[in-house]
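Architecture at a glance
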Amino acid sequence: MSTALEKATNLRLSGISKSYGKAMAVRGLDLEIDGGHLVALLGPSGCGKTTTLRMVAGFERPDAGSIRIGAAEITHLPPHRRNLGMVFQNYSLFPHRTVAENIAFGLRMAKVGAAERDRRCADMLDLIQLQSRGDMYPAQLSGGQQQRVALARSLVVNPKVLLLDEPLGALDKSLRESMQFEIRGMQQRLGITTLLVTHDQEEALSMSDRVAVMSNGRILQIGTPSEVYDRPQTRFVAEFLGTSNIFEGTVSPDGVALMLPGGAVPAAVRLDRPQQPGATLTLSVRPERMTLGVAPANGPQFEARITGAVFRGNYAAYQVDVPSLKRELFVYRQADGPLGSVSFGLGEETALGWAPEDAVIVRPE
Ligand code: ATP
């Protein structure tokens, strides 16, 4: 199994649109996936991610725009001529064929000779670590094993691009986590350009080189997992990708502080340049960036009261009332004692704060 990074081709979508009647499912979408990289299209139900993937696969025809794999334009080619591999949520294996026959199916269609077919099929069984299961039927395998067979079946024909449509959606939580490692590892070893569609933020963050967050037929933000998580550009991205505390404030008359409901808070956020006095800013602060007990010396500090405390295994989650802000905030704290122990009690009064560099200005849309 060679590492094929130098041979990997990029996938480029330019100005892709698709309407169903009057409803626009995809609106002039641009997306480029570098050769050998995995990009996740992440968004809520109905945002247009499946439609986008189906246009790449050739099951839907775009109203406008073009799709290229490397230098080749594939926009109007039928699905079987696009040189793509595809894996769906529901495996879609042939139930009456053995694992080996399922894997070899695409090779048989391509009229590859029996000896070569057997060799490539055995390579694939090695890759997915099911060497001894070639003669079994899909129903005799676990869900995770069936999904590995589906992956092998799509990879055996050496596709230039792999499309994954909610591939782990049917698996239970613990299996999903190990399959995330497994699929990502395989994708990186093979160096195959991959588009993953998912509504599961954890899956997108943990499997991708870059995450494209979609809403309403458009990509709102694309970046590395840490860029989209730590530096969300819009309120939607901050709230869809994890939990966030959102504040609306007004820039003070001198342009350097932020007026929150309780008054001016000089260091609520690091302002790279003076802002327009009176302008409204929206801030996002992640719950795990909030501090309880002691507030960072250079950041804002509020009096707060614990109104909810729950144990989440490896961390504790608090709901905290901040009277001066006239609202409740979420705070996550890593365990300082036994894992996930809850160290603040209900009704306890304490200080709450954050470091100014942990607050991000987001667009309110
Ligand atoms: P999900 O995660 O629920 O699959 P999605 O983000 O993949 O959602 P799409 O399936 O791409 O979203 O759908 C985008 C929009 O286009 C939705 O409003 C959907 O109702 C509409 N749509 C999709 N396919 C069709 C179709 N064949 N006919 C009519 N409308 C469609």
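The paragraphs below set out a description of the structure included in this document. (Residues numbered from 1 in each chain as written. Predicted model: local features only at pLDDT ≥ 70, side-chain atom pairs only at ≥ 80, totals over all residues.)

1. Brief notes about the nonpolar core
Within the largest apolar cluster, 92 residues are counted, with the highest numbers of intra-cluster contacts made by Ala40, Ile103, Leu163, Leu195, Ala212 and Val213. For this core, the two domains that each supply at least three residues are domain 1 (5–237) and domain 2 (243–356). Those residues within four positions of Leu163 in sequence are excluded, and the remaining contacts are Leu53, Val56, Ala57, Leu84, Met86 and Leu195. (Core = buried A, V, L, I, M, F, W, Y, C linked by C-beta atoms within 7 Å. Buried ≥ 20, exposed ≤ 12 C-beta atoms within 10 Å, placed from the backbone. Domains from an automatic or database assignment. Contact = placed C-beta atoms within 7 Å.)

2. Digging into the pairing of strand 6 (residues 84–87)
Burial along strand 6 is two-sided: Leu84 and Met86 facing one way and Gly85 and Val87 facing the other are all buried. For strand 6 and strand 7 (residues 161–165), the ladder comprises four bridges, and the chain directions are parallel. Of the residues in strand 7, the one forming a bridge with Gly85 is Leu162. (Helix = DSSP H or I, 4+ residues; strand = E, 2+ residues; numbered from the N terminus. Pairing = 2+ DSSP bridges.)

3. Considerations on the sheet that holds strand 19 (residues 349–353)
Strands sit in the order 15-19-16-17-18 across an open sheet of five strands; the sheet is antiparallel. Bordering the open sheet on either side are strand 15 (291–292) and strand 18 (327–334), each of which pairs with just one other strand. As paired strands, strand 16 (residues 301–311) and strand 17 (residues 315–322) are joined by six bridges and run antiparallel to one another. Residue pairing for strand 17: Arg305 is matched across the bridge by Asp321.

4. Describing helix 3 (residues 114–127)
Over its 14 residues, helix 3 extends 20 Å from the first C-alpha to the last, a length consistent with the 20 Å expected when each residue adds 1.5 Å. The complete set of buried residues in helix 3 reads Arg117, Arg120, Cys121, Met124 and Leu125. On an axial view of helix 3, the arc spanned by its buried residues comes to 145 degrees, and they lie on one face. Set apart from the buried face of helix 3 by more than 90 degrees, the exposed residues are Ala115, Glu116, Arg119 and Asp126. The elements touched by buried residues of helix 3 are helix 2 (99–109) and helix 4 (143–155). Positive backbone phi, approximately 55 degrees, marks Gln129, located one or two places after helix 3. (Expected span 1.5 Å × (residues − 1). Arc of directions from axis to C-beta.)

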